[in-house]
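Summary of the model geometry
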Amino acid sequence: MPVPSCIFTTAIRNGEITKLGTCIFHSHNRNRCCSLPPHSLKTLHALLKTASPMTLGSGRSIKDNPLWYIKTQSYRTTSQQYYNLTPPQVNSILKANEYRFKVPEFDGKNVSSILGFDSSQLPANAPIEDRRSVATCLQTRGMLFGVFDGHAGCACAQAVSERLFYYIAVSLLPHETLLEIENAVENGRAILPILQWHKHPNDYFSKEASKLYFNSLRTYWQELIDLNTGEHPDTREALINAFKRLDNDISLEAQVGDPNSFLNYWVLRVAFSGATACVAHIDGADIQVANTGDGRAVLGVQEEDGSWTAVTLSNDHNAQNEDEIKRIRSQHPKNEEKTVVKQDRLLGLLMPFRAFGDVKFKWSIELQKMVLESGPDQLNENEHTKFIPPNYHTPPYLTAKPEVIHHSLRPQDKFLVLGTDGLWETMHRQEVVRVVGEYLTGVHLQQPISVGGYKVTLGQMQGLLMERRARISSVFEDQNAATHLIRHAVGNNEFGVVDHERLCKMLSLPEELARMYRDDITIIVVQFNSHVIGAQSKPGGGD
Amino acid sequence: MRGCVRSSKVLAPAMFPRLLFDRWGSLLGRRGLASAGEPHPTPLPSQARVVICGGGIVGSSVAYHLAKLGWKDVVLLEQGRLGAGTTRLCAGIVSTAKHIPIESKMADYSNTLYQQLEQETGVKTGYVKTGSLCLAQNQDRFISLKRLASRLKVLGIPCDVITPKQVAELHPLVNIHDLVGAVHVLGDAVVSPPDVNHALVVAAAKNGVQIHEHTSVNHVMVQKGHVTGVETDRGTIYCDYFVNCAGQWAYELGLSSEDPVSVPVHACEHFYLLTKPLEQPLQPHAPVVMDLDGRIYVRAWQGGVLSGGFEKNPKPIFTEGRSQLEIQGMQEDWDHFEPMLSALLRRMPSLDSCEIHQLINWPESFTPDMRCIMGETQTVHGYFVLGGMNSSGLSFAGGGGRYLAEWMTYGYPSENVWPLDVKRRTLQSSAPSCAIAMEVMPLLYELKVPRWDFQTGRQLRTSPLYDRLDTQGARWMEKHGFERAKYFVPSGKDLLALDQSKTFYKPDWFDIVGAEVKCCKEAVCVVDMSSFTKFELSSSGDQALELLQRLCANDLDVPVGHIVHTGMLNHRGGYENDCSVVRLSKNRFFIISPSDQQVHCWSWIKQHMPSDSQLQLEDVTWKYTALNVIGPRAMDVLSELSYVPLTPDHFPSLFCKEMSVGYANGIRVMSMTHTGEPGFMLYIPIEYALHVYNEVMSVGQKYGIRNSGYYALRSLRIEKFFAFWGQDLDAFTTPLECGREFRVKFDKGTEFIGREALLQQRQVGVSRRFIMFLLEDHNTELDLWPWWGEPIYRNEELVGVTSSSAYSYTLERHVCLGFVKPPETDPGAPTVVTADFINRGEYEVEIGGHRYHAKAKLYPFSSLFAQQRRRKDDMEFSSFQGK
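Because the structure is predicted, anything quoted here is derived from the model rather than measured.

Each value, and the rule that gives it
Residues numbered from 1 in each chain as written. Chains lettered and ligands numbered in written order. Predicted model: local features only at pLDDT ≥ 70, side-chain atom pairs only at ≥ 80, totals over all residues. Heavy atoms only, no water. Helix = DSSP H or I, 4+ residues; strand = E, 2+ residues; numbered from the N terminus. Buried < 20%, exposed > 50% of the residue type's maximum accessible area, 1.4 Å probe, protein only. Contact = heavy atoms within 4.5 Å. Areas by Shrake-Rupley, 256 points an atom, 1.4 Å probe, with all protein chains shown as cover. Pairing = 2+ DSSP bridges. Axes fitted to C-alpha atoms, helices over the stretch in contact; angles between N-to-C directions. Core = buried A, V, L, I, M, F, W, Y, C linked by side-chain atoms within 4.5 Å. Expected span 1.5 Å × (residues − 1). Parallel < 35°, antiparallel > 145°, perpendicular 65-115°, else oblique. Left-handed = near helix turned anticlockwise from the far one by under 90°. Nonpolar A, V, L, I, M, F, W, Y, C, P; charged D, E, K, R; others polar. Phe/Tyr/Trp six-rings, centres within 6.5 Å; stacked < 30°, edge-to-face > 60°. Salt bridge = Lys/Arg side-chain N within 4 Å of Asp/Glu carboxyl O. pLDDT = per-residue confidence, 0-100. Arc of directions from axis to C-beta. Buried area = accessible area lost by both parts, 1.4 Å probe. Polar contact = N/O pair within 3.5 Å; in protein donor to acceptor, adjacent residues only side chain to side chain.

**Quick notes on the overall build of chain B**
Summing up its helical and strand segments, chain B has 24 helices and 39 strands in all. By the burial criterion, 63% of the 883 residues in chain B qualify as buried. Restricting the contact set of chain B to residue pairs at least 6 apart, pairs at least 24 apart contribute 72%. Surface summary for chain B: the accessible area is close to 32600 Å², and the carbon and sulfur share equals 51%.

**Considerations on the overall build of chain A**
What chain A contains, in helices and strands, is 22 helices and 15 strands. Residues counted as buried form 57% of the 543 residues belonging to chain A. In chain A, once contacts between residues fewer than 6 apart in sequence are set aside, the share between residues at least 24 apart is 76%. Carbon together with sulfur atoms contributes 54% to the accessible area of chain A, which is approximately 23500 Å² in total.

**Some words on the sheet that holds strand 12 (residues 235–238) of chain B**
All names here are of chain B. Strand order across the open sheet formed by three strands is 10-11-12, with antiparallel pairing between neighbours. Single-partner strands in this sheet number two, and they are strand 10 (217–223) and strand 12. When the angles between neighbouring strand axes are averaged without regard to direction, this sheet yields 25°. In terms of strand pairing, strand 11 (residues 226–232) meets strand 12 through four bridges, oriented antiparallel. Bridged to Thr232 within strand 12 is Gly235.

**Observations regarding the nonpolar core**
Judged by nonpolar contacts, the single largest core of 89 residues is most densely connected at Ile52, Leu66, Tyr114, Val243, Tyr272, Tyr297 and Met374 of chain B. Among the nonpolar cores identified, the runner-up in size contains 55 residues, and Ala155, Leu173, Ala238 and Val359 of chain A belong to it.

**Description of helix 6 (residues 139–154) of chain B**
All names here are of chain B. Taking 1.5 Å per residue, 16 residues should reach 22 Å; helix 6 reaches 23 Å between its end C-alpha atoms and fits that length. Taken together, the buried positions of helix 6 are Arg141, Phe142, Ile143, Ser144, Leu145, Arg147, Leu148, Ala149, Ser150, Arg151 and Leu152. Backbone geometry just downstream of helix 6 places Gly156 in the positive-phi region, at approximately 80°.

**Points about the packing of helix 9 (residues 235–256) of chain A against helix 10 (residues 261–272) of chain A**
Think of two packed helices as two axes; the pair is described by the angle between the axes and how far apart they sit. All names here are of chain A. The interhelical angle for the contact between helix 9 and helix 10, taken along N-to-C directions, is 135°, at an axis separation of 8 Å. By the angle class used here, helix 9 and helix 10 are oblique. Between helix 9 and helix 10 lies a crossing whose hand is left-handed. Residues Ile250, Glu253 and Ala254 of helix 9 pack against Val267, Leu268, Val270 and Ala271 of helix 10. Split by residue class, the contact of helix 9 with helix 10 holds six nonpolar, no polar and one charged.

**Concerning the packing of helix 16 (residues 510–522) of chain B against helix 21 (residues 710–719) of chain B**
Residues and elements named next belong to chain B. The N-to-C vectors of helix 16 and helix 21 enclose an angle of 60°; their axes lie 8 Å apart at closest approach. With respect to each other, helix 16 and helix 21 are oriented oblique. For helix 16 against helix 21, the interelement crossing comes out right-handed. Side by side, helix 16 and helix 21 meet where Val513, Glu516, Val517, Cys520 and Lys521 of the first sit next to Tyr711, Ala712, Ser715, Leu716 and Glu719 of the second. Of the residues in the contact of helix 16 with helix 21, the class split is six nonpolar, one polar and three charged.

**What to know about the sheet that holds strand 24 (residues 533–539) of chain B**
All names here are of chain B. Spatially, the five strands line up as an open sheet ordered 25-26-27-24-28, and their pairing is antiparallel. Taken across any chain shown, the strands that pair with only one partner, and hence form the sheet edges, are strand 25 (563–569) and strand 28 (615–619). Sheet twist, expressed as the average angle between the axes of neighbouring strands with direction ignored, equals 25°. Its contacts with the sheet put helix 18 (residues 598–608) on strand 24, strand 25, strand 26 (575–585), strand 27 (588–593) and strand 28, and the angle it makes with strand 28 is roughly 175°.

**What to know about the packing of aromatic side chains**
Enumeration according to the criterion identifies 42 aromatic pairs over all chains in this entry. With centroids separated by 6.0 Å and ring planes inclined at 40°, the aromatic side chains of Phe101 of chain A and Phe117 of chain A adopt a geometry described as tilted. Of this pair, Phe101 of chain A sits in strand 1 (residues 99–102) while Phe117 of chain A sits in strand 2 (residues 114–122); the two residues are 16 residues apart in sequence, bridging distant segments of the chain. Phe117 of chain A sits in the buried class, given a relative accessible area of 1%. A centroid spacing of 5.6 Å and a plane angle of 50° characterise the contact between Tyr487 of chain B and Tyr711 of chain B, whose relative ring orientation is tilted. Of this pair, Tyr487 of chain B sits in strand 22 (residues 482–488) while Tyr711 of chain B is found in helix 21, placing the two residues 224 residues apart along the sequence. Per residue, the accessibility class of Tyr487 of chain B equals that of Tyr711 of chain B, and both read buried. An aromatic cluster is defined as three or more aromatic residues linked by ring pairs; in this entry it consists of Tyr487, Trp509, Phe510, Tyr711, Trp785, Tyr807 and Tyr809 of chain B.

**A short note on the pattern of salt bridges**
This structure, assessed with the given rule, holds 55 salt bridges over all chains. Taking the shortest distance from any N to any O, the salt bridge between Asp118 of chain A and Arg100 of chain A comes out at 2.8 Å. Within this pair, whereas Asp118 of chain A is found in strand 2, its partner Arg100 of chain A is found in strand 1, the two being separated by 18 residues in sequence. When its relative accessible area of 48% is taken as the criterion, Arg100 of chain A is described as partly exposed. Because the salt bridges share partners, they merge into one network encompassing Asp178, Asp291, Arg346 and Arg347 of chain B.

**With respect to the confidence of the model for chain A**
Residue and element names in this part refer to chain A. The pLDDT averaged across chain A works out to 79; a share of 78% of its residues lies at or above 70. Note on residues 1–82: pLDDT under 50 across the span, and 108 contacts to partners over four residues away in sequence or across chains. Across residues 539–543, confidence stays below pLDDT 50; counting only partners more than four residues off in sequence or on other chains, it has seven contacts.

**Topic: helix 5 (residues 87–95) of chain A**
Since the α-helix packs 3.6 residues into each turn, any two residues three or four apart lie on the same face. Of all the positions in helix 5 of chain A, only Val90, Asn91 and Leu94 of chain A are classed as buried. Seen along its axis, helix 5 of chain A keeps its buried residues to an arc of 100°; they face one direction.

**Brief notes about the interface of chain A and chain B**
Counting residues at the interface gives 14 residues for chain A and 16 residues for chain B. Of the roughly 1500 Å² buried between chain A and chain B, counting both surfaces, carbon and sulfur atoms make up 60%. The three residues of chain A that bury the most area against chain B are Leu458, Gln462 and Leu465 of chain A, which together make up 41% of that side's buried surface. Run the count over chain A and chain B and you get zero salt bridges. The tally of links from chain A across to chain B stands at five residue pairs in polar contact (both at pLDDT 80 or more).

Next up, the structure:
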């Protein structure tokens with residue numbers, strides 16, 4: 001009997017661990033909010049109103065308030081009538097944006113180390129400000145995955161989600177291919193396709209701006225051709241250059257403007273809103289994560305005993321990252337030390353410390369005023385764009401330069417989770433990896449429980465069984481790992497188990513309230529082919 | 001005597017180890033018997049009268065009762081050790097709260113047997129009379145429990161309908177807050193099953209039964225349809241009778257016979273939980289709790305509790321490659337047990353802090369129709385079966401063993417066990433399938449409302465018109481594997497709501513069936529009755545007539561084309577079958593019997609058929625589709641489709657003519673409808689079925705023809721006081737008891753089976769009588785509807801039970817049929833029922849604990865029979881009434 005009994009104790013212990021884990025998570029969360037001035041609901045509402053010119057920051061301050069805070073007070077009275085979602089209704093909401101793609105094992109050139117990916121999105125803002133992109137590089141090897149979290153509107157995130165991968169792909173192209181493409185464009189021939197997109201039908205590309213975007217991109221590759229170093233582009237460099245270049249182009253386009261009034265307004269909206277980006281480039285066993293802002297990439301590692309560990313492949317660029325605070329302070333004069341990061345925000349306003357767009361934190365005051373004056377009237381009607389951040393002395397305060405982390409995949413690395421902060425705020429990365437890991441390996445295979453010789457009461461056993469059952473039932477409802485993760489992120493109760501009632505409440509929130517209890521969530525789960533990785537993994541691999 | 005000596009060697013008390021366990025339920029203590037049994041196995045006898053295969057509680061009970069009835073030379077073989085199968089692990093509850101009366105009767109006898117067993121054998125059986133509590137969490141369940149209480153009271157089993165408060169007084173742990181009531185069965189008990197098994201074996205051995213463990217039956221030898229012996233792994237035993245009590249191995253054992261025997265059982269895993277003693281130990285006499293809505297049972301066990309249940313999602317055991325001799329403790333599956341654990345903690349919240357001792361998992365065998373399998377198989381004479389206990393093995397073993405022993409001794413048990421008979425149609429039509437077992441197991445505790453149906457194993461046998469009828473809104477029920485239409489939902493009705501209607505009150509098909517009945521009475525309806533069993537008996541000479549004259553009570557020597565309603569009686573004068581026989585030609589007969597008679601009637605005729613190559617019996621059930629065209633305009637419809645005049649003058653009642661209908665030839669048209677309404681039965685060769693149906697329907701348009709189902713048929717039949725075999729009539733009912741003396745021709749010149757008994761009964765008078773009751777103060781809208789099994793009271797005294805009931809749309813009230821038997825005044829001499837006794841009484845029928853006044857009638861309302869044609873039957877009726 002030793003084997004099953006041992007299993008049982010681990011099961012019990014695991015149960016406790018998860019409880020312990022969530023406890024820590026709670027207090028962690030509470031601490032985060034305690035650092036803000038504790039406000040009652042009234043002041044919160046007041047804050048919401050007064051803070052409207054600076055939605056940039058205020059949106060974030062609200063979501064930092066733990067749900068249960070508000071739940072106990074206002075929520076029951078405001079949205080009771082919305083509670084009665086049936087499980088199918090809940091499922092249809094959760095699954096509305098899910099997308100799954102299975103990568104062909106052999107694409108004609110290479111055996112892919114990626115089995116496929118699941119992605120899903122749950123909006124809290126209306127319209128959603130998150131974006132996601134997945135594409136296969138056709139002229140070079142590898143796949144690109146990205147999640148983008150917009151703020152102050154979705155324009156910037158939209159633009160970045162459309163454009164960034166082209167910039168990366170172009171940066172990665174060898175000189176000859178660039179020449180070939182340029183020649184093709186020059187002579188009006190068909191251009192080699194650069195990217196193959198894997199898009200959910202809801203993920204759109206703006207038609208109006210495509211010409212503008214193309215011209216900017218072409219200028220970029222022309223410069224690359226001129227700059228020809230003769231070397232094969234390094235992925236890391238390529239990623240950094242692409243990020244920086246795109247941000248630069250966004251900024252330039254806004255300054256130059258466009259004769260088309262719609263486009264003119266559009267480029268300004270892109271530049272004045274912002275977006276974080278967390279992008280993974282995966283080629284064989286090599287994975288490079290370029291991150292700008294507070295999105296996160298976490299690797300799911302299965303230990304020999306079958307348990308799951310999370311390895312983070314990105315650093316958050318926000319106030320929780322000491323290095324970032326140091327970096328920002330060092331880039332500005334000593335007298336700004338106190339104001340440059342205030343209340344955990346850049347200049348007291350912005351949560352992410354790196355981002356695309358957000359020219360309010362990049363341009364000089366003069367430039368901002370000039371652009372706004374010559375800009376269309378709609379822009380000036382917006383209080384937010386006119387507002388100049390306080391203590392704005394030595395711009396730029398913000399950069400889009402990513403931090404790139406390289407990792408060589410090992411056979412035990414089973415999947416990668418890319419998520420916007422909406423996910424990471426509600427779930428600990430360890431929990432995220434456990435949920436996905438158990439989902440992908442099939443929880444129904446979970447070890448049977450055996451009492452063995454241990455002292456277990458009926459009540460304890462029931463508790464344990466209920467927990468196991470809840471886990472299984474939530475697994476069976478989802479065909480998509482990312483959706484499954486969202487279900488947990490939104491519906492988890494204090495035991496780390498999906499609570500249907502809670503899920504209903506969270507999903508039935510009216511549009512105007514949803515943002516107060518949760519953020520947009522966007523998740524991509526990339527699954528690796530361990531066999532392929534095991535066969536080809538070599539330290540520091542790549543080209 | 002030889003056997004006696006032998007067996008005492010095997011079973012000398014000193015040598016007989018305390019059965020298997022120091023404490024039953026523990027998995028230890030196996031070695032004792034094995035080491036004692038193996039070194040010097042007693043040699044097998046080469047010959048015996050009876051060989052019983054299976055040393056569990058069922059086999060032991062059969063052995064015990066055979067010995068009691070004076071059988072010598074009985075050998076009991078067990079492949080492993082005695083009681084090492086399901087018996088070893090079963091929960092030990094003897095409960096009389098069963099689904100049908102015969103099961104309750106069996107359980108009641110088992111209870112009595114086990115109670116005195118300790119005294120008889122000196123073996124401790126752990127018998128404790130605890131009583132049991134069946135809990136109801138909702139009103140519907142409470143109704144079904146009240147009905148159960150009524151049934152039990154009829155059988156003389158004491159029980160009370162009690163309030164939740166009284167439940168709390170009887171059991172210290174039960175949470176009563178969500179209960180609406182309960183039934184307390186006072187006599188129910190708990191025992192230690194392996195010890196009962198041991199006691200039975202000891203008693204059997206004392207009476208001369210030889211017991212051999214570690215002996216497997218390889219196959220059963222059959223010659224000319226008779227059992228001749230068994231081949232075991234230790235040699236051959238020649239025998240006359242073989243009894244298959246192999247439990248979950250019964251199916252495979254059946255197949256291993258030289259003439260395979262079908263014993264459709266399938267095993268599912270069954271779980272129960274044992275706890276350690278409570279802080280305040282639960283007294284051993286605490287009543288057994290059956291929380292049917294929670295799907296669990298709970299009994300006291302060594303200061304703690306034992307609790308198991310019948311979950312909604314049972315785990316079947318797959319039989320491929322099964323070879324273990326004994327049941328090993330199977331894997332505990334806590335996740336599977338979770339719903340039952342939750343139900344237990346809901347029922348007994350204080351157990352929350354109680355410690356788990358063990359979760360036991362063992363196999364239970366289930367049958368396709370939730371009833372056990374008993375009796376002699378139709379394929380092999382001398383091959384008896386008792387098994388498929390549907391997890392009530394302990395409760396049924398005593399009674400089942402007794403009935404089977406009686407069956408083997410006297411040719412039939414002392415009670416009507418037809419619902420359990422291995423020859424019932426359902427068993428023949430179903431292979432043991434895990435899907436069916438998976439449906440049956442949850443059904444055990446499921447709330448059963450009137451006319452509930454199985455969900456799996458459906459559409460097994462269908463009429464060629466099935467699809468046609470289905471698209472016209474037919475709602476189906478299953479009768480012995482055959483799909484029959486209940487009623488037809490008019491288009492535009494809410495189908496979903498109808499399908500889900502489950503009630504003890506007025507069902508929502510009421511108006512639909514009412515309309516069908518009205519159509520039968522005033523216009524014309526078509527009912528597909530293809531499920532009826534149809535045989536053809538023919539011979540070169542008059543052997544067929546001779547055989548039928550001997551089998552049937554009525555006179556079959558009628559002109560060709562006549563139809564005769566007759567019973568096939570047994571030696572007691574009881575109905576083995578109730579059928580209609582058509583004389584097709586001088587030596588050719590067409591026999592129409594109820595659907596469930598297909599196997600039984602076949603074997604009954606075969607049993608009495610001389611082996612004569614000139615005499616042939618053929619089952620033509622599948623060759624004919626039967627359409628019942630009922631109603632005053634049936635004649636008009638058929639006249640348009642054939643050239644034969646159909647007026648009563650040319651086609652009197654109870655006649656059969658082969659004719660063409662539409663363009664189809666060879667249709668047997670019979671002027672009878674099984675309902676007492678005017679109309680015709682058409683027996684159509686199946687290839688013409690669709691054509692004839694279409695023709696009838698299209699011609700019938702102008703007469704207002706419509707489809708109708710069995711519910712309408714049932715209402716029509718019952719209001720006319722027509723008894724039906726299988727529901728009202730059984731092997732213990734004689735024609736004299738149900739007012740059918742006019743169908744018995746004592747003077748037909750042939751000594752038919754049962755004549756003696758009937759003559760004697762006619763002399764003495766009948767002690768029970770089939771009566772029609774009209775419910776007087778019953779509100780169809782608001783009161784519980786009768787179903788069957790309702791007690792009948794005469795002047796406050798219990799005199800009988802209803803056997804079927806229906807709402808009569810014509811009489812606008814409920815009609816119940818049932819037998820009335822006056823209480824015995826003088827023991828030994830049954831009181832004779834007189835018309836006076838029937839007519840001079842105040843009757844009440846008890847439905848769900850409430851009594852309704854009823855008017856008793858000995859004869860049907862003649863006004864209900866169609867006026868336009870004097871029926872032959874009626875004339876006979878009236879002449880009988882005159883007497």
